[in-house]
Amino acid sequence: MSGTSATLKPPADAVKPARHPDAPAPGELLGAHYGECFGCGGEQAHGLHLQARAGDGVSITAEFTVQPAHQGAPGLAHGGVLATALDETLGSLNWLLRTIAVTGRLETDFVRPVPVGTVLYLEAEVTAVAGRKIYSTATGRIGGPDGPVAVRADALFIEVKVDHFIDNGRPEEIRAAMNDPDQVRRARAFEVNP
C-alpha cells in the first residue's frame, strides 16, 4: 500500500502468525459469523453477503457481487461499501487464529472504480502478530484472482475479550446470540466488530 502509516507497520518484535490447529481447513467456506452482519450475514437484505474461504496459512479469499443498493455514484460501488468488504474480509482472518478481535485501524487505497454487477474477488492475510495486535493486508480485484486491482487495505486488529461485545452491544441482540443453541454460531457471533 502506498503511504501506509507507522501504526500499521509491525514492530521489530512481531512474530509470524500461526494458524490455529482447529481453524477451518483450506478451501472450507467460513460462513457468516452473525446473520445480521452487513458484511457477511444472510439476514441483511442489502448486505454484501460476502463469502469467505479459508486459504493456506493465515489467509482467506472472499468475493461479493456489487448490487444496485451498493452504489455511490451512478453505476459504481460506493467507496464505503468497498471499505466494508475489505474490513469484513480482513476481520474474517481472525477466525483462522481463533481470536476475538476488532478493527483498530483500516487504511484503504481506491485504485479504480468498481461497476455495479462486478464480482469483487478479495484476498487477505495476516502478516504479523505483536501481543494483542494483529497486522493484516488485503487486495480486491475485479472479476477474479487475476483481474485488475481495484482496492487495497492494510489493517490493525486488536484482540479483545467477549466482554467488549457484552458491554457495548444492544442487550436483546447479545442475549439472542448468547442463547443460540449452535455452539459455532454462538462463538462466531462475537468474532469481529468495532
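Residues numbered from 1 in each chain as written. Predicted model: local features only at pLDDT ≥ 70, side-chain atom pairs only at ≥ 80, totals over all residues. Heavy atoms only, no water.

- As annotated in an unreviewed UniProt entry, the chain carries the name Acyl-coenzyme A thioesterase THEM4 and is attributed to Streptomyces regalis.
- The chain has a UniProt comment under Sequence similarities (unreviewed entry) that states "Belongs to the THEM4/THEM5 thioesterase family." (UniProt positions renumbered as here; feature names shortened; annotations may be inferred.)

**Describing the overall build of the chain**
Part 1 of the reasoning: Secondary structure summary: the chain contains five helices and six strands in total.
Part 2 of the reasoning: When the helices and strands of the chain are listed from N to C terminus, the series reads β-β-α-α-β-β-β-β-α-α-α.
Part 3 of the reasoning: Split into buried and exposed, the 194 residues of the chain put 43% on the buried side.
Part 4 of the reasoning: The contacts in the chain between residues at least 6 apart in sequence include a share of 66% that link residues at least 24 apart. (Helix = DSSP H or I, 4+ residues; strand = E, 2+ residues; numbered from the N terminus. Buried < 20%, exposed > 50% of the residue type's maximum accessible area, 1.4 Å probe, protein only. Contact = heavy atoms within 4.5 Å.)

**Examining the pattern of salt bridges**
Part 1 of the reasoning: Scanning the model with the defined rule gives one salt bridge in all.
Part 2 of the reasoning: One salt bridge in this structure joins Glu107 and Arg105, with 3.0 Å as the shortest N-O distance.
Part 3 of the reasoning: On the basis of relative accessible area, Glu107 is assigned to the buried category, the value being 13%.
Part 4 of the reasoning: The class for Arg105 is partly exposed, based on a relative accessible area of 35%. (Salt bridge = Lys/Arg side-chain N within 4 Å of Asp/Glu carboxyl O.)

**Quick look at the nonpolar core**
Part 1 of the reasoning: Core analysis: the largest hydrophobic core is formed by 35 residues, its most contacted members being Leu50, Phe64, Leu90, Leu120 and Leu122.
Part 2 of the reasoning: The set of elements that each furnish at least two residues to this core consists of strand 1 (51-54), strand 2 (59-65), helix 1 (79-92), helix 2 (94-97), strand 4 (119-130), strand 5 (133-142) and strand 6 (149-159).
Part 3 of the reasoning: The residues touching Phe64, leaving out its near neighbours within four places in the chain, are Leu48, Leu50, His70, Val81, Leu82, Ala85, Thr118, Val119, Leu120 and Leu122.
Part 4 of the reasoning: In terms of nonpolar packing, the next biggest core, distinct from the first, is built from eight residues, Leu8, Val102, Ala130 and Tyr135 among them. (Core = buried A, V, L, I, M, F, W, Y, C linked by side-chain atoms within 4.5 Å.)

**Observations concerning helix 1**
Part 1 of the reasoning: The first and last C-alpha atoms of helix 1 sit 20 Å apart over 14 residues, in line with the 20 Å expected at 1.5 Å per residue.
Part 2 of the reasoning: Among the 14 residues that make up helix 1, 10 are buried, leaving the element largely enclosed by the rest of the structure.
Part 3 of the reasoning: Residues Val81, Leu82, Ala83, Ala85, Leu86, Glu88, Thr89, Leu90, Gly91 and Ser92 constitute the buried set of helix 1. (Expected span 1.5 Å × (residues − 1).)

**Considering the pairing of strand 2**
Part 1 of the reasoning: Note that strand 1 and strand 2 share four bridges and pair antiparallel. Each bridged residue has a counterpart across the sheet, and for Ala52 the counterpart in strand 2 is Ala62.
Part 2 of the reasoning: In this antiparallel pair of consecutive strands, strand 1 and strand 2, the connection spans four residues, and Gly57 shows a positive phi of 60°.
Part 3 of the reasoning: In terms of strand pairing, strand 2 meets strand 4 through seven bridges, oriented antiparallel. Opposite Ala62, over in strand 4, you have Leu122 as the bridge partner. (Pairing = 2+ DSSP bridges.)

**A closer look at the packing of aromatic side chains**
Part 1 of the reasoning: Evaluated as defined, the whole model comprises zero aromatic pairs.
Part 2 of the reasoning: When the ring centre of Trp95 is taken as origin, the NZ or CZ atom of Arg98, which lies over that ring, is 4.5 Å away. (Phe/Tyr/Trp six-rings, centres within 6.5 Å; stacked < 30°, edge-to-face > 60°. Lys NZ or Arg CZ within 6 Å of the ring centre and 35° of its normal.)

**Some remarks on unusual backbone geometry**
Part 1 of the reasoning: For Arg98, which is not glycine, the phi dihedral falls at a positive 60°.
Part 2 of the reasoning: Within the fold, Arg98 resides in the loop between helix 2 and strand 3 (101-110).

**Brief notes about the sheet that holds strand 6**
Part 1 of the reasoning: With respect to topology, six strands assemble into an open sheet ordered 1-2-4-5-6-3, the strand pairing being antiparallel. The strands lining the two open edges of the sheet, one partner per strand, are strand 1 and strand 3. On average, each strand axis in the sheet is tilted by 20° relative to the strand beside it, whichever way the strands run. (Axes fitted to C-alpha atoms, helices over the stretch in contact; angles between N-to-C directions.)

**A few points about the side chain of Glu88**
Part 1 of the reasoning: By secondary structure assignment, the location of Glu88 is in helix 1.
Part 2 of the reasoning: Setting aside anything within four residues of it in sequence, one finds Glu88 in contact with His33, Cys37, Gly39, Cys40 and Leu50.

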